[in-house]
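Structure at a glance
Here are the chains, one letter per residue:
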Amino acid sequence: MAAYTLAARQEFCTNTVIELTNCTDNIKIGAGHCTVIAGSCAVESREQYLPLAMELKHMGVHILRGGAFKPRSSPYSFQGLGEEGLQILAEARELTGLPVVTEVMDPRDLDKIYTHSDLIQIGSRNMQNYSLLKEVGMIDKPVILKRGLAATIEEWLLAGEYILAGGNRQIILCERGIRTFEDMTRNTVDIGGMALVKELSHLPVIVDPSHATGRRSLVAPVARAAAAAGADGLMIEVHQQPELAISDGAQSLTPEILRSLLQDINKLSSL
Ligand code: PEP
Ligand code: MN
């Protein structure tokens, strides 16, 4: 028996489909097409985020992303706008009718984040933060669970099992690259691992080509590979002026690049 019994694909069990009803369009993740989540790494200001959100809505992005509480390697780097960022995300949701996702790092912020966002993200660094996993296991909102920087597939599925065991059945797994001996890309993206997890589990699996590669020029090729390999979705960082982005500018696409990538993704994901 697999150690992750609730996450495991059982005989005759149907795929989990996450439905988002609290938005203008009815969005289904895991229903056979590629859901696109896009936005800047961090919510930087109202002036930066709201026009971007509108532009993304018009090009057909399904879900907006934006960090309000940022897990930064250095304590001296921008840590996110916190509650002000959540307010801006709520405004973006109001303005566009699109659902929003943001990361929770601390269980003490969960109530506020729950109120302002439609999906909750557990970042790579917290994939094995078991107290946080237990907390999101008790809520009734979908959780995007990113693969840990150095987590095996089994550890990733077991982290999902914590959330499932708490009663929350709405989990989306996100492959975002793992740390290997290779340092010319930010991480090594495990497309084979993504495909394997779709065999092992009934949960939807998406890919984040931005954090996986760390380089703008590599985001589109990896996004196309993931879509062609059957990813249920993509999470992509976009910024109007990547050179001025407060975080992750080097891997952020411009809206123009994303627009043309979306056409490729639509073609590839229907293969
Ligand atoms: C993010 O998506 O904002 C992020 C920090 O990603 P990761 O946890 O994959 O590093
Ligand atoms: Mn980022």
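Residues numbered from 1 in each chain as written. Chains lettered and ligands numbered in written order. Predicted model: local features only at pLDDT ≥ 70, side-chain atom pairs only at ≥ 80, totals over all residues. Heavy atoms only, no water.

Observations regarding the packing of helix H8 (residues 216-228) against helix H9 (residues 255-269)
At a closest axis distance of 8 Å, the pairing of H8 and H9 adopts a crossing angle of 20°. By the angle class used here, H8 and H9 are roughly parallel. Helix-helix and strand crossings are classified by hand; for H8 and H9 the assignment is right-handed. Between H8 and H9, the contacting residues are Arg216, Ala220, Ala223, Arg224, Ala227 and Ala228 on the first element and Ile257, Leu261, Asp264, Ile265, Leu268 and Ser269 on the second. Split into classes, the residues belonging to the contact of H8 with H9 amount to eight nonpolar, one polar and three charged. (Axes fitted to C-alpha atoms, helices over the stretch in contact; angles between N-to-C directions. Helix = DSSP H or I, 4+ residues; strand = E, 2+ residues; numbered from the N terminus. Parallel < 35°, antiparallel > 145°, perpendicular 65-115°, else oblique. Left-handed = near helix turned anticlockwise from the far one by under 90°. Contact = heavy atoms within 4.5 Å. Nonpolar A, V, L, I, M, F, W, Y, C, P; charged D, E, K, R; others polar.)

Re the sheet that holds strand E7 (residues 143-146)
Sheet architecture is closed into a barrel: eight strands sit in the order E3-E4-E5-E6-E7-E8-E9-E10, paired in parallel fashion. This sheet shows a mean twist of 25° between the axes of neighbouring strands, independent of strand direction. Where strand E5 (residues 100-103) lies against strand E6 (residues 119-122), three bridges are found, and the strand directions are parallel. By the bridge assignment for E6, Glu103 is matched with Gln121. H9 contacts strand E3 (35-39) and strand E10 (233-237) of the sheet and is inclined by roughly 170° relative to E10. (Pairing = 2+ DSSP bridges.)

Quick look at the site of ligand 1
Around ligand 1 sit Arg65, Lys70, Pro71, Glu103, Gln121, Gly123, Ser124, Arg125, Lys146, Arg176 and His211, and those are all the residues in its vicinity. Note that an oxygen atom of ligand 1 is positioned 2.9 Å from one of the side-chain N or O atoms of Lys70. Here an oxygen atom of ligand 1 and a side-chain polar atom of Arg125 are 3.0 Å apart. In isolation ligand 1 offers 290 Å² of accessible surface; the protein chains occlude 96% of this area. (Near = heavy atom within 4 Å. Polar contact = N/O pair within 3.5 Å; in protein donor to acceptor, adjacent residues only side chain to side chain. Areas by Shrake-Rupley, 256 points an atom, 1.4 Å probe, with all protein chains shown as cover.)

Things to note about the coordination of the manganese ion (ligand 2)
Looking at the manganese ion (ligand 2), the protein donor atoms are Cys41 (SG), His211 (NE2), Glu237 (OE) and Asp248 (OD), and they sit 2.0 to 2.4 Å from it. Donor residues for the manganese ion (ligand 2), ordered by position in the chain, follow C-x169-H-x25-E-x10-D. Of this pair, Glu237 sits in strand E10 while Asp248 is found in the loop between E10 and H9, placing the two residues eleven residues apart along the sequence. (Donors = N, O, S within 2.8 Å, 3.2 Å for Na, K, Ca; no water.)

A few points about H8
Those residues of H8 lying buried are Val219, Ala220, Val222, Ala223, Ala226 and Ala227. Buried residues along H8 sit against helix H6 (191-200), strand E9 (205-207), helix H7 (209-213), E10 and H9. (Buried < 20%, exposed > 50% of the residue type's maximum accessible area, 1.4 Å probe, protein only.)

Overview of the packing of aromatic side chains
Counted by the stated rule, this structure contains one aromatic pair. Judged by centre distance (4.5 Å) and plane angle (25°), the ring pair of Tyr130 and Tyr162 falls under stacked. One end of the pair, Tyr130, is in helix H4 (residues 130-136); the other, Tyr162, is in helix H5 (residues 153-165), with 32 residues separating them in the sequence. On the accessibility criterion, Tyr130 (34% relative accessible area) is partly exposed. For Lys141, the ring lying beneath its charged end belongs to Tyr114, and the centroid distance is 4.2 Å. (Phe/Tyr/Trp six-rings, centres within 6.5 Å; stacked < 30°, edge-to-face > 60°. Lys NZ or Arg CZ within 6 Å of the ring centre and 35° of its normal.)

Quick word on the environment of His33
Note that His33 resides in the loop between strand E2 (27-29) and E3. Apart from the residues lying within four places of it in its own chain, the contact partners of His33 are Lys28, Ala231 and Asp232. Only 3.3 Å separates the side chain of His33 from the backbone oxygen of Lys28, close enough to count as a polar contact.

Brief notes about the environment of Ile191
Within the secondary structure, Ile191 sits in helix H6. On a C-alpha basis, the gap between Ile191 and Ile265 in space is 15 Å, while along the polypeptide they are 74 residues apart.

With respect to the side chain of His116
Within the element layout of this structure, His116 appears in helix H3 (residues 110-116). You can call His116 buried: its relative accessible area is 18%. For His116, the residues in contact, after removing those within four places along its chain, are Leu86, Gln87, Ala90, Arg93 and Val100.

Describing H9
The end-to-end C-alpha distance of H9, which contains 15 residues, comes to 20 Å, matching closely the 21 Å that a straight helix rising 1.5 Å per residue would cover. All buried positions along H9 are accounted for by Pro255, Leu258, Leu261, Leu262, Ile265 and Ser269. (Expected span 1.5 Å × (residues − 1).)

Concerning the environment of Leu20
Secondary-structure assignment places Leu20 in strand E1 (residues 18-20). Placed 43 residues apart in sequence, Leu20 and Ile63 show a C-alpha to C-alpha distance of 9.9 Å. In this structure Leu20 touches Asp25, Asn26, Ile27, Ile29, Ile63, Pro99, Leu119 and Pro142, once residues within four positions along its chain are discounted.

Overview of the pattern of salt bridges
Applying the stated rule across the entire model yields twelve salt bridges. For the salt bridge of Arg65 with Glu237, the shortest nitrogen-to-oxygen distance reads 3.4 Å. Residue Arg65 is located in strand E4 (residues 63-65), and its partner Glu237 is located in strand E10; the two are separated by 172 residues in the primary sequence. Just as Arg65 is buried, Glu237 falls in that class too. Between Glu83 and Lys112 there is a salt bridge, with its nearest N and O atoms 3.6 Å apart. Residue Glu83 is found in helix H2 (residues 83-96), and its partner Lys112 is found in helix H3; the two are separated by 29 residues along the sequence. Of the residues examined, Glu83 reaches a relative accessible area of 47% and is grouped as partly exposed. The class of Lys112 is partly exposed, set by a relative accessible area of 27%. (Salt bridge = Lys/Arg side-chain N within 4 Å of Asp/Glu carboxyl O.)

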